[in-house]
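# A structural walkthrough
These are the residues of each chain, in order.
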Amino acid sequence: MALTKRNITFVDGYNVINKWPNLKDLSKENLADARDLLIEELAEYKSLSGEELVIVFDAYNLDRIKETIIEKYGMKIVFTKRFQTADTYIERQLAKTDRHHNIKVVTDDGAVQTQASGKGASRVTALELRSDLNTMRSKIKRQRKEDFNQNFKTFPISEKVSDIIDKIKEDLEN
């Protein structure tokens, strides 16, 4: 039986929230909203990248007795148990995960990055993840424009309609 390589990304949720300026600002007002927005952003990342995502939020100072794992948008979202950090959860998962898979760890924590590298995983900072997401969005936007232009040229239309469509394209680009 052949082993299928999986691309699995572990994300330290609160670490990313504290590094992305828009989420950091939002978290000062409402941490739950910042968490939900991060989940939405990472759902888009998952959709564009095709990677399996595991987002880990630690409950170090909360009274959660057991860890809680929920599935949303095809991602695993983990809330650790009391006295367990996202770092320790991710480290434990790295030890369990087969080295034949492509593993990525998103955190700015140096110790976790070092351990991830030692286990054969790639490490990505929170800002690099944001950059990757923005790059993917730009590629999709460019592709949509190219597809539109290509499809647009295949239909015979009047000059008046062509001018209207050019105006719409111009408005969309701005």
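Per an unreviewed UniProt entry, the chain goes by YacP-like NYN domain protein and derives from Anaerococcus prevotii ACS-065-V-Col13.

Attention now moves to the sheet that holds strand 2 (residues 52-57). In spatial order, the strands read 3-4-2-1-5-6; together these 6 strands make up an open sheet with mixed pairing. Strands at the two margins of the open sheet, each flanked by one partner only, are strand 3 (68-72) and strand 6 (122-124). Taking each pair of neighbouring strands and ignoring which way they run, the sheet shows an average axis angle of 20 degrees. Sheet analysis places strand 3 next to strand 4 (residues 75-79), joined by 5 bridges and oriented antiparallel. By the bridge assignment for strand 4, I69 is matched with V78. With respect to the sheet, helix 4 (residues 86-96) is in contact with strand 1 (7-12), strand 2, strand 3, strand 4 and strand 5 (102-106), its orientation differing from that of strand 1 by roughly 160 degrees.

Looking now at the nonpolar core. Membership of the largest hydrophobic core comes to 24 residues, with the highest contact counts inside it found for W20, L38, L42 and F57. The dominant element in this core, judged by the number of residues it contributes, is helix 3 (residues 31-49), at 6 residues. With residues up to four places along the chain from it excluded, the contact list for W20 reads L38, E41, A126, L127, L129, R130 and L133.

The next point concerns the packing of helix 2 (residues 21-29) against helix 3. Between helix 2 and helix 3, whose axes approach to 6 Å, the crossing angle comes to 150 degrees. As the angle between them shows, helix 2 and helix 3 are arranged roughly antiparallel. The residues of helix 3 that touch helix 2, namely those facing N22, L23, L26, S27 and E29, are L31, D33, A34, L37 and L38. Looking at the contact of helix 2 with helix 3 residue by residue, the class counts come to 6 nonpolar, 2 polar and 2 charged.

To continue, consider the packing of aromatic side chains. Enumeration over the complete set of coordinates arrives at 2 aromatic pairs. Ring centres 5.5 Å apart and planes at 20 degrees place the aromatic pair F57 and F79 in the stacked group. One end of the pair, F57, is in strand 2; the other, F79, is in strand 4, with 22 residues separating them in the sequence. We classify F57 as buried; its relative accessible area is 0%. For F79, a relative accessible area of 16% corresponds to the buried category. Lying across the ring of F57, R35 places its NZ or CZ 6.0 Å from the centre. Positioned above the aromatic ring of W20 is the side chain of R130, whose terminal nitrogen or guanidinium carbon lies 4.6 Å from the ring centre.

About the criteria used
Residues numbered from 1 in each chain as written. Predicted model: local features only at pLDDT ≥ 70, side-chain atom pairs only at ≥ 80, totals over all residues. Heavy atoms only, no water. Pairing = 2+ DSSP bridges. Helix = DSSP H or I, 4+ residues; strand = E, 2+ residues; numbered from the N terminus. Axes fitted to C-alpha atoms, helices over the stretch in contact; angles between N-to-C directions. Contact = heavy atoms within 4.5 Å. Core = buried A, V, L, I, M, F, W, Y, C linked by side-chain atoms within 4.5 Å. Buried < 20%, exposed > 50% of the residue type's maximum accessible area, 1.4 Å probe, protein only. Parallel < 35°, antiparallel > 145°, perpendicular 65-115°, else oblique. Nonpolar A, V, L, I, M, F, W, Y, C, P; charged D, E, K, R; others polar. Phe/Tyr/Trp six-rings, centres within 6.5 Å; stacked < 30°, edge-to-face > 60°. Lys NZ or Arg CZ within 6 Å of the ring centre and 35° of its normal.

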